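# Structural overview for review
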Amino acid sequence: QVQLVESGGGLVQAGGSLRLSCVASGRNFSSYRMAWFRQAPGKEREFVAAINWLGSYTTYVDSVKGRFTISKDNTKNTVLLQMNSLKPADTATYYCATRTSRSYISDYELTTLYVYDYWGQGTQVTVSS
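First things first, this report covers the structure right here in the doc. (Residues numbered from 1 in each chain as written. Predicted model: local features only at pLDDT ≥ 70, side-chain atom pairs only at ≥ 80, totals over all residues. Heavy atoms only, no water.)

### Points about the overall build of the chain
We apply this condition: Only DSSP runs of H or I covering at least 4 residues are called helices, and only runs of E covering at least 2 are called strands; the numbering of each starts at the N terminus. The size measure is the radius of gyration over C-alpha atoms, and the globule rule it meets is 2.2 Å times the number of residues to the 0.38 power. Working definition: with a 1.4 Å probe on protein chains only, accessible area under 20% of the residue-type maximum means buried, over 50% means exposed, and in between means partly exposed. Contacts are assigned to residue pairs with any non-hydrogen atoms lying within 4.5 Å of each other. To be clear on the numbers: accessible area is Shrake-Rupley with a 1.4 Å probe, and residue cover counts the displayed protein chains and nothing else. We count Lys and Arg on the positive side and Asp and Glu on the negative side, and we leave His and both chain ends out. Where a charge lies is defined by one atom per residue type, namely NZ (Lys), CZ (Arg), CG (Asp) and CD (Glu).
Of regular secondary structure, the chain possesses zero helices and 11 strands. Element order for the chain, N to C, with α for helix and β for strand: β-β-β-β-β-β-β-β-β-β-β. Computed over C-alpha atoms, the radius of gyration of the chain comes to 14 Å, within 12% of the 14 Å expected from 2.2 N^0.38 for 129 residues, which places it in the range of a compact globule. Dimensions of the chain along its principal axes, counting C-alpha atoms only, are 45 × 25 × 25 Å. Looking at the 129 residues of the chain, the share that counts as buried comes to 43%. Of all intrachain contacts in the chain linking residues separated by at least 6 positions in sequence, the fraction that spans at least 24 positions is 61%. Entry remark: accessible area of the chain is about 6700 Å², with carbon and sulfur atoms responsible for 47%. Both charge centroids of the chain, one from 13 positive and one from 9 negative side chains, sit 5 Å from each other.

Listed below in structure tokens is the structure:
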């Protein structure tokens, strides 16, 4: 059983930065694939960023490339999302997710909702213009 707890959201002005954190309770965090998704009111939940279990591969949705960075801190069972140059369009509830199975999946599948088996409760990010 894995529990994920997000934190770090808040209200910032356009161009500002936030760092989101997600702490996992699992014993084998270093083996987990992790991702961030976001959902704005009235919209579908969308992929933001993912990282493989080694932290050697990351992928991002095009709209955040060059602005967001996902990373893992295995010593603290934590995945981070550093968000710079924030835009009002980034306003959403941000969720972290994990896939605990180490079976093979493609890089593309890391960007899809269905491969993740545990989700956090979300943290709100609001970017004002």
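Let us keep going from here.
### Comments concerning the sheet that holds strand E1 (residues 4-7)
Cut-off, in case you're wondering: Two strands pair if DSSP finds at least two bridges between them. Axis definition: a line fit to C-alpha positions, over the contact stretch in the case of helices; interaxial angles, taken between N-to-C directions, run 0 to 180 degrees.
Taking strand neighbours across the sheet as the criterion, the four strands line up as E1-E3-E8-E7 in an open arrangement whose pairing is antiparallel. Only two strands of the sheet have a single partner each, and these edge strands are E1 and strand E7 (68-73). Adjacent strand axes in the sheet meet at a mean angle of 15 degrees, parallel and antiparallel pairs treated alike. Where E1 and strand E3 (residues 18-24) come together, four bridges link them in antiparallel fashion. Residue pairing in the sheet places Leu4 in a bridge with Ala24 of E3.

### A short note on the side chain of Thr112
Under the convention used in this document: We call two N or O atoms a polar contact when they sit within 3.5 Å, provided that within protein one can donate a hydrogen and the other can accept it, with sequence-adjacent residues counted only if both atoms are side-chain atoms.
With respect to the helices and strands, the residue Thr112 is situated in the loop between strand E9 (92-99) and strand E10 (118-119). Polar contacts involving the side chain of Thr112 include one to the main-chain carbonyl oxygen of Glu109, which spans 2.8 Å.

### Here's the deal with the pattern of salt bridges
Counted only if it meets this: Think of a salt bridge as a Lys or Arg side-chain nitrogen and an Asp or Glu carboxyl oxygen that are within 4 Å of each other.
Scanning all chains against the criterion turns up four salt bridges. Residues Glu46 and Arg38 are paired through a salt bridge, measuring 2.7 Å at the closest nitrogen-oxygen approach. A salt bridge links Asp90 to Arg38; its shortest N-O distance comes to 3.0 Å. Of the two residues, Asp90 is situated in the loop between strand E8 (78-83) and E9 and Arg38 in strand E4 (residues 33-39); the sequence distance between them amounts to 52 residues. One salt-bridge network, held together by shared partners, links Arg38, Glu46, Arg67 and Asp90.

### Focus on the environment of Thr98
Locating Thr98 in the fold gives a position in strand E9. Note: C-alpha distance between Thr98 and Ser21 (77 residues apart in sequence) is 13 Å. Apart from residues lying up to four places away in sequence, Thr98 is in contact with Val2, Leu4, Tyr32, Arg33, Met34, Tyr116, Asp117 and Tyr118.

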